[in-house]
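What follows is the residue order along each chain.
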Amino acid sequence: MEFIQQFVQQYSMYIAFGILGLAYIFIALEKIPKMTVALVGASLTLLFGLVGSMDAFKYVDFNVLFLLVSMMLIVHISAKSGMYDWLAIEMLKLTKGNPILVLVMLGIFTAVISAFLDNVTTVILVMPLTFVIAKQFEISPIPFLITEVLASNIGGTATLIGDPPNIIIASKAGLSFMDFVVNLTPVVAVILVFAVAILSFWFRNKIQTNPENTKKVMEIDNSKTIKDKNLMIRSIIVLALVILGFMLHDKTGLAAYVSAMAGASVLLLFEKPKEVLNHVEWNTIFFFAGLFIIIGGIEATGGINLLAQKIIEATGGDTKLASMLILWGSGIISGVVDNIPYTATMAPLIANLEGAMDVAPLWWSLSLGACLGGNFTIVGAAANVIVSEKATAEGHNISFMSFMKYGGLVTIVALIISTVYILLRYF
């Protein structure tokens, strides 16, 4: 027993990196649920004593967890009113049933919604409508689905709450909702325009339909889409106030999770908590908690400090070079592994570079790389997997390579635009 304790003490950093590496491998293989992988890794971290059992909670970022739970509650409750479906149908009617305009509208609509709701929730809300439209057009829904999921990952990059990596970054860097809007929304808007234009051109021959089918879209009855008007009104007011709270963070000093929790609490007053809580993605919450403890093991054993020193040595303290390394490295790696654990690993690393170089551009490079890189492959983001699985269940298979053909091009274009933006704005 004493030998084991000495071994662990001597090689604690390597053990911590080993646990993280194995966790990454099992997450990528998707043979075991991600939550299970994270909790097993966290248990090993604690059992080996890499993090003391009483110190574990200080590595768990409760700002992130409370914000995620609160937004999940708000989205689920508000969706019950039918307001998202109503809005989508109204926007589609503006296209006059033109398939290419429908694709453009769905892409833009998904991106905008994804900036304020998480990507997974966004695609879940939009997919049912997509299948209805494709059926009426008598064409494959795949072009619309691919456009939507790529747009959701792009749109989610624009704000603090749009994508989980941004929530992690904001918490670690002390960034506000408006910091993300000011620094990321302009370039995300440009990327979205290019992405939708590329996909519209690419899919133009695959979404052709006859005039008779075009009329069907215009005949969709939207009068009964709203299921609960009172809930819709409450939800709109609460969402508006929560977003306002995010925007006024700098002046009020209230953390984003406080505004979200207050909004969720108000909506819960009119609901049965037990029923609503069943719809919170607890797998995601526990996945985050376990992951934070694994990363805490690396931090506690000095691994984060070591990696920070290696980056400083590799870049010679050059912030520009470090930004490009993080942007493109994040974009490529996030296409292979889930961008959430990757960002959770990189965030404390960048925080440790404070003082050695200007880390502000590094945070934005990490956000753009991690969020946009999720479009590279079908396993790069949770929303991609959900859309793929749903499409297959409906008889429309999206293969790994076919997704990468479109997602890969959009990602490369997005990273090139991001490179130009980072260099021009911060250097």
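Residues numbered from 1 in each chain as written. Predicted model: local features only at pLDDT ≥ 70, side-chain atom pairs only at ≥ 80, totals over all residues. Heavy atoms only, no water.

Participant: Can you tell me about the packing of helix α5 (residues 62–79) against helix α17 (residues 282–300), naming the residues and giving the values?
Facilitator: At a minimum axis separation of 10 Å, α5 and α17 run at an interaxial angle of 175°. In terms of orientation, α5 and α17 fall into the roughly antiparallel class. Facing Val 64, Leu 65, Leu 68, Val 69 and Met 72 of α5, the residues of α17 in contact are Trp 282, Thr 284, Ile 285, Phe 288, Ala 289 and Phe 292. Residues of the contact of α5 with α17, tallied by class, amount to ten nonpolar, one polar and no charged. (Axes fitted to C-alpha atoms, helices over the stretch in contact; angles between N-to-C directions. Helix = DSSP H or I, 4+ residues; strand = E, 2+ residues; numbered from the N terminus. Parallel < 35°, antiparallel > 145°, perpendicular 65-115°, else oblique. Contact = heavy atoms within 4.5 Å. Nonpolar A, V, L, I, M, F, W, Y, C, P; charged D, E, K, R; others polar.)

Participant: Run through the packing of aromatic side chains, naming residues and quoting values.
Facilitator: Inspection of the entire model under this criterion finds eleven aromatic pairs. Each ring, one from Tyr 11 and one from Tyr 14, has its centre 6.2 Å from the other, and the planes form 55°; the classification is tilted. Given a relative accessible area of 34%, Tyr 11 falls into the partly exposed group. With a centroid separation of 4.7 Å and an interplanar angle of 50°, the aromatic rings of Phe 203 and Tyr 406 are classed as tilted. With a gap of 203 residues between them, Phe 203 in helix α11 (residues 177–203) and Tyr 406 in helix α23 (residues 400–426) connect regions that are remote in the sequence. (Phe/Tyr/Trp six-rings, centres within 6.5 Å; stacked < 30°, edge-to-face > 60°. Buried < 20%, exposed > 50% of the residue type's maximum accessible area, 1.4 Å probe, protein only.)

Participant: Give me the side chain of Thr 130: which residues, what numbers.
Facilitator: Looking at the element boundaries, Thr 130 is found in helix α8 (residues 119–137). Exposure remark for Thr 130: the relative accessible area of 1% places this residue in the buried category. Apart from the residues lying within four places of it in its own chain, the contact partners of Thr 130 are Leu 106, Pro 141, Phe 144, Leu 145 and Glu 148.

Participant: Can you tell me about the pattern of salt bridges, naming the residues and giving the values?
Facilitator: Summed over the entire model, instances satisfying the criterion amount to one salt bridge. Two residues, Glu 271 and Lys 80, come together in a salt bridge whose shortest N-O distance is 2.6 Å. Remark: Lys 80 occurs in the loop between α5 and α6 (83–93) and Glu 271 occurs in the loop between α15 (256–268) and α16 (273–277); sequence separation between them is 191 residues. (Salt bridge = Lys/Arg side-chain N within 4 Å of Asp/Glu carboxyl O.)

Participant: Give a detailed account of the packing of helix α3 (residues 34–47) against α17, specifying residues and quantitative values.
Facilitator: For the pair α3 and α17, the least separation of the axes is 8 Å and the interaxial angle reads 30°. With respect to each other, α3 and α17 are oriented roughly parallel. The crossing of α3 and α17 is left-handed. Only Trp 282, Asn 283, Phe 286, Phe 287, Gly 290, Leu 291, Ile 293, Ile 294 and Gly 297 of α17 make contact with α3, whose side of the interface consists of Lys 34, Met 35, Ala 38, Leu 39, Gly 41, Ala 42, Thr 45 and Leu 46. Here the contact of α3 with α17 is composed, by residue class, of eleven nonpolar, five polar and one charged. (Left-handed = near helix turned anticlockwise from the far one by under 90°.)

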